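Spelled out from the first residue to the last, the chains are:
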Amino acid sequence: MQRKRFIRHSLLAGASMLTAGAIKAAPAAAALPATTAPVTPFHLNYGIHDGMFRNSAGNDFLDQLKFAYDQGFRAMEDNGMARRPPEQQQKIGEALARLGMSMGVFVLDKGGNGANTLAAGKPEFLDIFLKGCHEAVEVSKRCNGKLTTVVPGDFERHLPAGIQTGNVIDALRRGVEILEPHGIVMVLEPLSDTPDLFLRNSDQTYAICKAVNNPSCKILFDMYHMQRNEGNIIQNIDLTYNEIGYFQIGNNPGRKEPGTGEMDYRNIFQHIYNKGYKGMLGMEHGIAQPGKEGELALIKAYRDADNFL
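Section: the overall build of the protein
When its secondary structure is counted, the protein shows 11 helices and eight strands. When contacts within the protein are restricted to residue pairs at least 6 apart in sequence, long-range pairs at least 24 apart make up 80% of them. Only carbon and sulfur atoms are counted for the fraction: they give 51% of the accessible area of the protein, which is about 12700 Å².

Here it is, written out as structure tokens:
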């Protein structure tokens, strides 16, 4: 599931705060009770997204937030937040404040993952990016957010790699000048969606953050993408940890919840916990089974993976 699909889903949901109706439940999860999920918060701060609990809580995202809180979740993320109407951003921020939940990342609007590549060094692309930074400040005020995802865009095939890297660093330095006074952190995300993207690996992102040299520029370590691109998740977390500002979750293959693929998320979560990480981990993945029972199975999967103490 590529990020653009997550954003498209969020925008459709944001236009009316409605999502699709319930889907027929999978028989394998049918025995799970609907009201026995623990309410104790998890050891780590996992962040849901819009639509994740629509079958259990209804179509209204605010009701989904309350349901998630009752299951022990204390954070959310919303890739498409910047394109929601301002009044919806405000309502979500107010709901999070009432519940004592944290707002995770939203995507800084620069026209799409591959578009307006900062690697090209073109003034018109830089202007679009800086406009997105200014807009991110206003979005953050309304939704109580402090984190925004930045994808620098595609490779510029006509320039040497070092020149492209320099162009990206220069652009990000301009961006943090806008964000840092408001305490907002841009988190750079290396992706596996296509090899055309400039940013692909955690060490590459680490080097860029070191060069920008600002607390408002950190790494978004999406473990699904990094498993696909480089593997060695725990080792690479250790190598880049002091520049990581946010984690995202998704098993591989399939990009679903913990327990559905090759990644041992119980060990990974324990490692992140033992490092003293206090930030959020966005649940940027699909659900393996359909319907309400699938959502309850997802909660159980997180309880199982979070049971590392």
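As for the environment of Gly72
By secondary structure assignment, the location of Gly72 is in the loop between α3 (61-70) and β2 (75-76). You can call Gly72 buried: its relative accessible area is 2%. Distance in space between the C-alpha atoms of Gly72 and Thr40 is 5.3 Å, their sequence separation being 32 residues.

Observations regarding the packing of aromatic side chains
A full pass over the atoms with the stated rule returns 13 aromatic pairs. With 5.6 Å between their ring centres and 65° between their planes, Phe155 and Phe198 make a pair best called edge-to-face. Of this pair, Phe155 sits in the loop between β4 (145-150) and α6 (161-179) while Phe198 sits in the loop between β5 (185-188) and α7 (202-212), and the two are 43 residues apart along the sequence. For Phe155, a relative accessible area of 27% gives the class partly exposed. Given a relative accessible area of 2%, Phe198 falls into the buried group. Aromatic rings pair up to connect Phe42, Tyr46, Phe53, Phe67, Phe73, Tyr265, Phe269 and Tyr302 into one cluster. Over the aromatic face of Tyr69 sits the side chain of Arg74, whose NZ or CZ is 3.7 Å from the ring centroid.

Section: the packing of helix α10 (residues 265-274) against helix α11 (residues 291-306)
Between α10 and α11, whose axes approach to 8 Å, the crossing angle comes to 55°. The angle between the axes of α10 and α11 places the two elements in the oblique class. Residues Tyr265, Arg266 and Phe269 of α10 touch α11, and the partners they reach there are Tyr302, Asp304, Ala305 and Asp306. Tallied by class, residues from the contact of α10 with α11 come to four nonpolar, no polar and three charged.

Describing the pairing of strand β1 (residues 45-48)
Side chains Asn45 and Gly47 of β1 all project onto a buried face; the interleaved residues Tyr46 and Ile48 project onto the opposite face, where all are buried too. As paired elements, β1 and strand β8 (residues 280-282) share three bridges and run parallel to each other. What sits directly across from Gly47, in β8, is Gly282. As paired strands, β1 and β2 are joined by two bridges and run parallel to one another. Among the inter-strand pairings, Gly47 is bridged to a residue of β2, identified as Ala75.

Some remarks on the environment of Val150
Considering the arrangement of structural elements, one finds Val150 in strand β4. Residues Val150 and Gly112, 38 residues apart in the sequence, show an inter-C-alpha distance of 9.9 Å. Leaving out residues up to four positions away in the same chain, Val150 has contacts with Leu108, Phe129, Leu172, Met186, Val187, Leu188 and Glu189.

Regarding the environment of Gly279
Take Gly279: it is sitting in the loop between α10 and β8. What makes Gly279 partly exposed here is its relative accessible area of 26%. A C-alpha to C-alpha distance of 9.8 Å links Gly279 and Ile244, two positions 35 residues apart in sequence.

Looking at the sheet that holds strand β7 (residues 244-248)
Here eight strands make up a closed barrel; going around it, the order is β1-β2-β3-β4-β5-β6-β7-β8 and the pairing parallel. The pairing of β7 with β8 spans two bridges and is classified as parallel. When the bridges of β8 are listed, Phe247 appears paired with Leu281. Its contacts with the sheet put α3 on β1 and β2, and the angle it makes with β1 is roughly 155°.

Description of the packing of α3 against helix α4 (residues 86-99)
Packing of α3 against α4 leaves a shortest axis separation of 10 Å and a crossing angle of 20°. Classified by the interaxial angle, the pair formed by α3 and α4 is roughly parallel. For the pair α3 and α4, the crossing hand works out as right-handed. Along the contact surface, α3 presents Phe61, Leu62, Leu65, Lys66 and Tyr69, while α4 presents Lys91, Ile92, Ala95, Leu96 and Leu99. Grouping the amino acids of the contact of α3 with α4 by side-chain chemistry returns eight nonpolar, no polar and two charged.

Regarding the pairing of β4
Of all six residues making up β4, five are buried, and the element is well covered by its neighbours. Two strands pair when backbone bridges link them, and strand β3 (residues 102-107) and β4 are joined in this way by four bridges, in the parallel orientation. Following the sheet pairing, Val105 is matched in β4 by Leu147. Of the crossover connections in this fold, the one passing from β3 over helix α5 (residues 123-143) to the parallel β4 is right-handed. Relative to β5, β4 runs parallel, the two being bridged by four bridges. Bridging from a neighbouring strand, Thr148 pairs with Met186 of β5.

Rules used in this analysis
Residues numbered from 1 in each chain as written. Predicted model: local features only at pLDDT ≥ 70, side-chain atom pairs only at ≥ 80, totals over all residues. Heavy atoms only, no water. Helix = DSSP H or I, 4+ residues; strand = E, 2+ residues; numbered from the N terminus. Contact = heavy atoms within 4.5 Å. Areas by Shrake-Rupley, 256 points an atom, 1.4 Å probe, with all protein chains shown as cover. Buried < 20%, exposed > 50% of the residue type's maximum accessible area, 1.4 Å probe, protein only. Phe/Tyr/Trp six-rings, centres within 6.5 Å; stacked < 30°, edge-to-face > 60°. Lys NZ or Arg CZ within 6 Å of the ring centre and 35° of its normal. Axes fitted to C-alpha atoms, helices over the stretch in contact; angles between N-to-C directions. Parallel < 35°, antiparallel > 145°, perpendicular 65-115°, else oblique. Nonpolar A, V, L, I, M, F, W, Y, C, P; charged D, E, K, R; others polar. Pairing = 2+ DSSP bridges. Left-handed = near helix turned anticlockwise from the far one by under 90°. Right-handed = clockwise from strand over helix to strand, strands pointing away.

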